[in-house]
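Each chain, letter by letter, is given below.
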There are 2 protein chains.
Amino acid sequence: MTKPTEPANAIQPSLEEADAALRVFVGYNMKRAFHTVQGDVTASLTPLGLRMLTFSALSVIVSNAGLRQSHLADALAIERPNLVLLVDELERADLITRDRAKDDRRAYSLNPTEKGIALCRRAEQTVLDHDRRMTRDLTPAERSGLISALQSIENVLNREDRDD
Amino acid sequence: MTKPTEPANAIQPSLEEADAALRVFVGYNMKRAFHTVQGDVTASLTPLGLRMLTFSALSVIVSNAGLRQSHLADALAIERPNLVLLVDELERADLITRDRAKDDRRAYSLNPTEKGIALCRRAEQTVLDHDRRMTRDLTPAERSGLISALQSIENVLNREDRDD
DNA sequence: TATTGTTATACTCTATAACTATA
DNA sequence: TATAGTTATAGAGTATAACAATA
């Protein structure tokens, strides 16, 4: 029964189901769904000159005016060096300003411009619309269950990592 | 009320909640959860010499012996060029063989070796264990609800993209 | 002409190490 | 010494365009 060491020219199962064995894993389904979502959200945001990551950064700055780059990095769970070009990009687009913190001349205080706030509102609407479309086959309960399940997984793994 | 154009040295909200505005979006929660999961699964697979992507490819080949590279690309939803080095890697590790298809000398038939099959079984167990751990705060119903919600989103977006 | 696999190339996101200027 | 931001660099994962061999 177990002799597939030799080349086989097997009957191809339906190509749409060739990954059936992987579909039992939550992680694989997350990867597939996220990949699709990211591409789609990025396409929605392109007309606004944003990507998923720049939108996220802008949104956090708008909601937390005055925060420092290192705080932004913590909020987005990315490393500080990766923020430099990202913040440069937002600054160059006049969406935020980088102001020296009064109490600590090493640090920057990140603040949205009027233009940044306006664009953020539009982008939030765009992403919200997209979110609604992509979850349109889900009931409200299923949608909120999805969010809390994702957060549960994130929390369980972060707790595990911290306890190492 | 809307005058945050000037630098603010705002009171920092709890840093853990600085992304609260983004948490309402399914896509953002997917991104955060997936990023954590991918890092964690990769760490689990490293002792076996695999990553999430190489595991996925190996698993599809084991479950569909004889399939072609282009079919593998379709199954994993990645572009053909990106498979070349991936398949090279699996071949070099003696996990699969690349055999010329008898009926089409342009194509390769991908087949797992005994070693590849054995490693795949071990890796599947590893990923399954990881999946169970990370969903341990979910009920079975919540876990299967999560999987079907992710698939629903993937399907909705793919349907939309096809109808463009 | 169309398709299979390939090469070359590039872009996005992420990570680590080491530097600078402050503290 | 330690911290904030930076530079340099590297490694995954993905994408497109163009090519050779074959259909």
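Look above for the structure.
Notes on the structure follow. Please read these numbers as outputs of a predicted model, since none were measured by experiment. (Residues numbered from 1 in each chain as written. Chains lettered and ligands numbered in written order. Predicted model: local features only at pLDDT ≥ 70, side-chain atom pairs only at ≥ 80, totals over all residues. Heavy atoms only, no water.)

As a further point, take the protein's contact with DNA strand C. Within the structure, DNA strand C sits among 21 residues, and Arg 51, Asn 82 and Arg 105 of chain A together with Ser 70 and Arg 106 of chain B are positioned closest to it. A share of 59% of the atoms of DNA strand C within 4 Å of the protein falls on sugar and phosphate groups. One nitrogen or oxygen atom from the side chain of Arg 51 of chain A is found 2.7 Å from a phosphate oxygen belonging to DNA strand C. Separating a phosphate oxygen of DNA strand C from a backbone N or O atom of Tyr 108 of chain B is a distance of 3.0 Å. Only helix 4 (81-92) of chain A together with helix 1 (26-45), helix 3 (69-76) and helix 4 (81-92) of chain B provide two or more residues apiece to the surface near DNA strand C. The class makeup of the residues in the surface near DNA strand C is 7 nonpolar, 4 polar and 10 charged. (Near = heavy atom within 4 Å. Polar contact = N/O pair within 3.5 Å; in protein donor to acceptor, adjacent residues only side chain to side chain. Helix = DSSP H or I, 4+ residues; strand = E, 2+ residues; numbered from the N terminus. Nonpolar A, V, L, I, M, F, W, Y, C, P; charged D, E, K, R; others polar.)

Let us look at the relation of the copies chain B and chain A. Turning chain B through 180° and shifting it by 0.0 Å along the axis lays it on chain A, with an RMSD of 0.1 Å. Here the transformation between the copies is reduced to the relation of a two-fold axis. Across chain B, the smallest distance between a C-alpha and the rotation axis is recorded for Leu 146 of chain B, namely 2.8 Å. Comparing contact sets, 100% of the residues at the interface of chain B also lie at the interface in chain A, consistent with an isologous, same-surface contact. (Least-squares fit on C-alpha atoms with pLDDT ≥ 70 in both. Contact = heavy atoms within 4.5 Å.)

Residues in contact with DNA strand D amount to 21 residues; listed here are only the nearest, Gln 69, Ser 70 and Arg 106 of chain A together with Arg 51 and Arg 105 of chain B. Sugar and phosphate atoms represent 60% of those atoms of DNA strand D found within 4 Å of the protein. Contact distances for DNA strand D include 3.2 Å between a sugar or linking oxygen and a side-chain N or O atom of His 35 of chain A. Interatomic distance of 2.4 Å between a side-chain N/O atom of Arg 106 of chain A and a base oxygen of DNA strand D. Going through the elements one at a time, helix 1 (26-45), helix 3 (69-76) and helix 4 of chain A together with helix 4 of chain B are the ones with two or more residues in the surface near DNA strand D.

Contacts between the two partners involve 81 residues from chain B and, on the opposite side, 81 residues from chain A. When chain B packs against chain A, the two sides together hide about 7500 Å² of surface, and 60% of this comes from carbon and sulfur. The residue Glu 154 of chain A makes a salt bridge to Arg 23 of chain B at a minimum N-O spacing of 3.0 Å. Sorting the residues of the side of chain B that touches chain A by element identifies helix 1, helix 2 (52-63), helix 3, strand 2 (108-112), helix 5 (114-134) and helix 6 (140-162) of chain B as the ones contributing at least two each. (Buried area = accessible area lost by both parts, 1.4 Å probe. Salt bridge = Lys/Arg side-chain N within 4 Å of Asp/Glu carboxyl O.)

A few words now on the environment of Lys 115 of chain A. Residue and element names in this part refer to chain A. For Lys 115, the position within the fold is in helix 5 (residues 114-134). Expressed as a C-alpha distance, the spacing of Lys 115 and Asp 94, which sit 21 residues apart in the sequence, is 7.0 Å. Each residue touching Lys 115, except ones within four places of it in the same chain, is listed here: Ala 93, Asp 94 and Leu 95.

On to the pairing of strand 2 of chain B. Residues and elements named next belong to chain B. With respect to burial, strand 2 is a largely interior element, 4 of its 5 residues being buried. Relative to strand 2, strand 1 (residues 96-100) runs antiparallel, the two being bridged by 5 bridges. In the sheet register, Ile 96 faces strand 2, and the bridge partner there is Pro 112. (Buried < 20%, exposed > 50% of the residue type's maximum accessible area, 1.4 Å probe, protein only. Pairing = 2+ DSSP bridges.)

This brings us to the nonpolar core. Judged by nonpolar contacts, the single largest core of 92 residues is most densely connected at Leu 72 of chain A together with Leu 72 of chain B. Dropping the residues within four chain positions of it, Leu 72 of chain B is found in contact with Ala 57, Val 60, Ile 61, Leu 67, Leu 83, Val 87 and Leu 110 of chain B. (Core = buried A, V, L, I, M, F, W, Y, C linked by side-chain atoms within 4.5 Å.)

Below, the discussion takes up the pattern of salt bridges. Pairs may arise between side chains of opposite charge once their charged atoms sit close together. All names here are of chain B. Scanning the model with the defined rule gives 34 salt bridges over all chains in all. Residues Arg 68 and Asp 104 are paired through a salt bridge, measuring 3.8 Å at the closest nitrogen-oxygen approach. Here the residue Arg 68 occupies a position in the loop between helix 2 and helix 3, and Asp 104 occupies one in the loop between strand 1 and strand 2, the gap between them amounting to 36 residues. Residue Arg 68 is classed as partly exposed on the basis of its relative accessible area of 22%. We note a salt bridge from Arg 143 to Asp 131, for which the minimum N-O separation is 2.9 Å. Here the residue Arg 143 occupies a position in helix 6, and Asp 131 occupies one in helix 5, the gap between them amounting to 12 residues.

Take helix 6 of chain B next. For helix 6 of chain B, spanning 23 residues, the distance from its first C-alpha to its last is 33 Å, which sits close to the expected 33 Å at 1.5 Å a residue. Listed as buried for helix 6 of chain B are Leu 146, Ile 147, Ala 149, Leu 150, Ser 152, Ile 153, Glu 154, Val 156, Leu 157 and Glu 160 of chain B. (Expected span 1.5 Å × (residues − 1).)

Our next topic: the side chain of Ser 109 of chain B. Structurally, Ser 109 of chain B is set in strand 2. In terms of polar contacts, Ser 109 of chain B uses its side chain to reach the side chain of Asn 111 of chain B, at 2.9 Å.

What is shown is where atoms sit, not what they do.
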